[in-house]
Amino acid sequence: MKKVLIIATAVALAAGAWASPPQYEYAGKWGSSGSGNGQFSYPFGVAIASSGNVFVADLYNHRIQYFTATGSFLGKWGSRGTGNGQFNFPYGVALASSGNVYVADCNNHRIQYFTSTGSFLGKWGSRGSGNGQFDGAIGVACATNGNVYVTDIFNYRVQYFTSTGSFLGKWGSRGSGNGQFNRPYFVTVASSGNVFVADHNNDRIQYFTSVGSFLGKWGSRGTGHGQFNHPCGVAVTPSGAYVYVADYNNHRIQYFDQTNTAVVPASLGRVRALFR
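Bear in mind that the values here come from a model prediction, so they are computed numbers and not experimental data. (Residues numbered from 1 in each chain as written. Predicted model: local features only at pLDDT ≥ 70, side-chain atom pairs only at ≥ 80, totals over all residues. Heavy atoms only, no water.)

### Considering the overall build of the protein
Stage number 1. Counting its secondary structure elements, the protein contains zero helices and 22 strands.
Stage number 2. In the protein, which comprises 276 residues, the proportion classed as buried is 54%.
Stage number 3. Accessible surface for the protein amounts to roughly 11,600 Å². Of this, 47% is attributable to carbon and sulfur atoms. (Helix = DSSP H or I, 4+ residues; strand = E, 2+ residues; numbered from the N terminus. Buried < 20%, exposed > 50% of the residue type's maximum accessible area, 1.4 Å probe, protein only. Areas by Shrake-Rupley, 256 points an atom, 1.4 Å probe, with all protein chains shown as cover.)

### A few points about unusual backbone geometry
Stage number 1. For Tyr156, which is not glycine, the phi torsion reads 55° and is therefore positive.
Stage number 2. Residue placement: Tyr156 occurs in the loop between β11 (148-152) and β12 (157-161).
Stage number 3. Residue classification places Tyr156 among the buried residues on the basis of a relative accessible area of 10%.
Stage number 4. Its identity is not glycine, yet Arg183 carries a phi of approximately 65°, on the positive side.
Stage number 5. Summarising the element assignment, Arg183 is placed in the loop between β13 (167-171) and β14 (184-189).
Stage number 6. Note on Arg183: relative accessible area 27%, which makes it partly exposed.

### Re the sheet that holds β11
Stage number 1. One open sheet holds the four strands; their spatial order is β10-β11-β12-β13, and the pairing between them is antiparallel. Across the chains shown, the open sheet's two edge strands, defined by having one partner strand only, are β10 (137-142) and β13. Looking at each pair of strands side by side, their axes are set apart by 20° on average, direction ignored.
Stage number 2. Strand direction decides the pairing type here: β11 and β12, joined by five bridges, are antiparallel. Bridge assignment links Thr151 to a residue of β12, and that residue is Val158. (Pairing = 2+ DSSP bridges. Axes fitted to C-alpha atoms, helices over the stretch in contact; angles between N-to-C directions.)

Take a look at the structure:
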């Protein structure tokens, strides 16, 4: 599997809609290349707890680190391997309303979940194409009802589960039609239950009901407003009013007003893309 690596600026989103797009200014940073506490070897997934603590999937260090909102190191867990609490390229990380942490353990083809301080709670998944199996679990998101959504990248589908991993349903196949995917990357769930998926190689965002009924899509390949060049990350405000997309090869974040599908004429932040 080709490893696609992203270093992205994390953006804290307000809990509701706003009358006009907000302005953002640089506030701080932390981290450097390495394996020490607070260092990273290609940070990928980022999740923010209700406490404000920040959890980071530290991809090539095969671990999760967590910090205060301003970057003070709080703890870490994980090492390379196949055992409980070990990882083989953890790409995605998500926080449930319970505070539990879910990790897409990509090359182990499974989801693991933990307490907020890293105590192992459970896991599910194995390599394959059956229900509850994965061929590269890369993105993970938690709904307000506790259900967990996973982008199953090389099975070209989304699967969803209870909070403890019981299979509930799936949708998707390989292709470019509505509800089909070509390497679905990250996934996010709005408070409404609608599910947004970054359809990476189709250069678009698709969104669905909580059980996978197709609702709509936008995007095409290009550099203009509302166009993408391999979108990876996707996030939605709790109200569902705004959707943010990490536009990978265009090195930008774009955001959209989902209430009328109009493109906000601006980009936010920078994404630095590296291939290895």
